[in-house]
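Observations on the three-dimensional arrangement
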Amino acid sequence: MTKRIDLHSEQDTIDLAHYIAPLLGPGSVITLYGDLGSGKTFFVKALGAFLGIGEEIDSPSFVIFKEYHCGRFPLYHLDLYRLKDEGELLDMGLFDMLESGITVIEWPELAENILPYQTIQLRFAFDSEKRFVDVIPEAALEESFQ
Ligand SMILES: Nc1ncnc2c1ncn2[C@@H]1O[C@H](COP(=O)(O)OP(=O)(O)OP(=O)(O)O)[C@@H](O)[C@H]1O
Ligand SMILES: [Mg+2]
């Protein structure tokens, strides 16, 4: 089941991050889909703040991944837009990340086959009129989901 949430303003995206952050822990994986500028990195910035990361989170699209160890749990922020093959992900230590922290992945298509079954998908979309996000599965918004 999918839950669609309208994001009328940046504050709505911040509120979503605020809602989800306490439901996450080591082993949680979130994949972020959506076109350029749809709000994926914006969401991760907000999520990081609610996880107690004081550092500024910026887009990892040039370096593929960034890690933050100053919050409640390690946060691994990946952007696979420029990645060519799955093997590079394994060389990067993806499985260690998945196990030890919260892993959030922009442009995750390349990794889909190696991510855990309980990965939470956030699919952002926007046009000139509105923004929304589909949360899949809907149960990811419940405390019992882990
Ligand atoms: N409701 C909203 N939620 C998130 N971002 C919004 C919203 N309204 C406006 N924005 C703006 O849209 C932009 C989204 O940019 P962001 O870098 O998060 O996109 P992205 O999906 O990560 O793109 P890319 O694929 O290039 O990494 C930000 O500049 C943000 O301020
Ligand atoms: Mg981004």
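Quick summary incoming for the structure in this document. Everything numeric here is computed off the predicted structure, so don't read it as measured data.

1. Quick look at the environment of Ile53
You can see Ile53 is positioned in the loop between helix H2 (40-50) and strand S3 (65-68). Of the residues examined, Ile53 has 21 C-beta atoms within 10 Å and is grouped as buried. Placed 17 residues apart in sequence, Ile53 and Cys70 show a C-alpha to C-alpha distance of 5.6 Å. Once you skip the residues sitting within four places of it in the chain, Ile53 turns out to touch Gly48, Tyr68, Cys70, Gly71 and Leu75.

2. Observations regarding the site of ligand 1
For ligand 1, the set of nearby residues contains 17 residues, the closest of which are Thr13, Gly39, Lys40, Thr41 and Phe42. Partitioned by chemical class, the residues of the shell around ligand 1 number three nonpolar, nine polar and five charged.

3. Quick word on the sheet that holds strand S4 (residues 75-79)
Judged by pairing direction, the sheet is mixed, and its seven strands sit side by side in the order S1-S7-S6-S2-S5-S4-S3 without closing on themselves. In this open sheet, the two strands that pair with only one neighbour each are strand S1 (3-6) and S3. Looking at each pair of strands side by side, their axes are set apart by 15° on average, direction ignored. As judged from the four bridges shared by S3 and S4, these two strands associate in the antiparallel manner.

What counts, and at which threshold
- Residues numbered from 1 in each chain as written.
- Chains lettered and ligands numbered in written order.
- Predicted model: local features only at pLDDT ≥ 70, side-chain atom pairs only at ≥ 80, totals over all residues.
- Helix = DSSP H or I, 4+ residues; strand = E, 2+ residues; numbered from the N terminus.
- Buried ≥ 20, exposed ≤ 12 C-beta atoms within 10 Å, placed from the backbone.
- Contact = placed C-beta atoms within 7 Å.
- Near = placed C-beta within 6 Å.
- Nonpolar A, V, L, I, M, F, W, Y, C, P; charged D, E, K, R; others polar.
- Pairing = 2+ DSSP bridges.
- Axes fitted to C-alpha atoms, helices over the stretch in contact; angles between N-to-C directions.

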